[in-house]
Amino acid sequence: MNDDVVAASPFDALSRQNLSESAYRQIRNALAQSRLKSGQKLVLRSLAEQLGISATPVREALLRLGSEGIVQFDSRGTAFVPEMTLQRYLEIRDLRLWLEGQAGLRAVETVNDADIERLSAIHERMAEAEKNQDSALALEMNGQFHLHLCTLARMPMLLQFVENLWVQCGPAMGALYEVSPPRDPEGHQHLAVLRGLVERDGQAVRKAIERDIVVGGQRLAQLLSQPKP
């Protein structure tokens, strides 16, 4: 496992209202956006200091995440982010293919020009972050692009399922940028998603988002298939 949570905090300071719920949401967001890594320890005191609250609501948030299988606990009761396995990643990927593909199909029926502009702006921020080798921001914007597409489908249950999948796979996604951003020989599929939305072509959107998931995750699947040293 990796060392304790690093000094640079991945969290925002919390207000005193609904502390447990707020801590839960912030930790989930940090997981989904790859700001917490596979194998990383989530030390209670360190988390509480970074969140600016007492240990009790943080403990409640970690126990809740543990009951959902999102974090695990070692023999001393310290929470940690589970290591990703190839089997688990492929199951998450296949579920994302279906769910995000369905979101793409539905989004063309509900989307408007302002929605497409917002999604395009998210992609532009991701592309700029990749150009500047800002892997943390690129990962965050990539996740926002996928989740915003699901939001545009106006299917709240589907969005909730997809958010849960991103929370589980997010910590491992940082490996995609360890060398360089993933590249698709057919061009960035986010642009194909945007074209499909403009043309109100649901099949094109579904095909593009599915290819983005598969091609974008090939490096991670390859890393996970290698035997551990």
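As recorded in an unreviewed UniProt entry, the protein goes by DNA-binding GntR family transcriptional regulator and comes from Kaistia dalseonensis.

Chemist: Is there a simple way to explain the overall build of the protein in this structure?
Modeler: Counting its regular elements, the protein contains 10 helices and three strands. Ordering the α and β elements of the protein from the N terminus gives α-β-α-α-β-β-α-α-α-α-α-α-α. Considering only residue pairs separated by 6 or more positions, the protein has 76% of its internal contacts joining residues 24 or more positions apart. For the protein, the exposed surface amounts to about 12000 Å²; the carbon and sulfur share of it is 49%.

Chemist: Would you mind going over empty space enclosed by the protein with me for this structure?
Modeler: In this approach, a probe sized like a water molecule rolls over the atoms, and the result shows the empty space that is left. Scanning the entire structure with this criterion turns up one cavity of 30 Å³ or more. Considering only enclosed or pocket space, the largest cavity measures out at about 50 Å³ in volume. In terms of lining, the largest cavity is formed by S38, I70, V81, P82, M84, R88, V167, Q168 and P171. Tallying contributions element by element places helix α7 (residues 156-173) first for the lining of the largest cavity, with three residues. For the lining of the largest cavity, the class distribution of residues is six nonpolar, two polar and one charged.

Chemist: Explain the packing of helix α4 (residues 86-110) against helix α6 (residues 135-152) here, please?
Modeler: Relative orientation and spacing of two packed helices are given, respectively, by the angle between their axes and the distance between those axes. α6 packs onto α4 with a crossing angle of 50 degrees between their chain directions and a minimal axis gap of 7 Å. Taken as axis vectors, α4 and α6 run oblique relative to one another. Every pair of crossing elements has a handedness; the one defined by α4 and α6 is left-handed. On α6, the residues touching R96, E100, A103, G104, A107 and T110 of α4 are H146, L149, C150 and L152.

Chemist: What am I meant to see in the nonpolar core here?
Modeler: In a soluble, globular protein the nonpolar side chains are often hidden away together inside. Residues I27, L42, L62, L119, L149, V193 and L197 are the most contacted members of the largest nonpolar core, which totals 63 residues. Top contributing element to this core by residue count: α7, with nine residues. Every residue in contact with L197, bar those within four places of it in the chain, is listed here: A107, V108, V111, I116, L119, L149 and V205.

Calculation notes
- Residues numbered from 1 in each chain as written.
- Predicted model: local features only at pLDDT ≥ 70, side-chain atom pairs only at ≥ 80, totals over all residues.
- Heavy atoms only, no water.
- Helix = DSSP H or I, 4+ residues; strand = E, 2+ residues; numbered from the N terminus.
- Contact = heavy atoms within 4.5 Å.
- Areas by Shrake-Rupley, 256 points an atom, 1.4 Å probe, with all protein chains shown as cover.
- 1 Å grid on protein atoms, 1.4 Å probe; cavity = no way out; pocket = protein on both sides within 12 Å on 5 of 7 lines; lining within 4 Å.
- Points joined across faces, edges and corners; volume = space filled by probe spheres on them.
- Nonpolar A, V, L, I, M, F, W, Y, C, P; charged D, E, K, R; others polar.
- Axes fitted to C-alpha atoms, helices over the stretch in contact; angles between N-to-C directions.
- Parallel < 35°, antiparallel > 145°, perpendicular 65-115°, else oblique.
- Left-handed = near helix turned anticlockwise from the far one by under 90°.
- Core = buried A, V, L, I, M, F, W, Y, C linked by side-chain atoms within 4.5 Å.
- Buried < 20%, exposed > 50% of the residue type's maximum accessible area, 1.4 Å probe, protein only.

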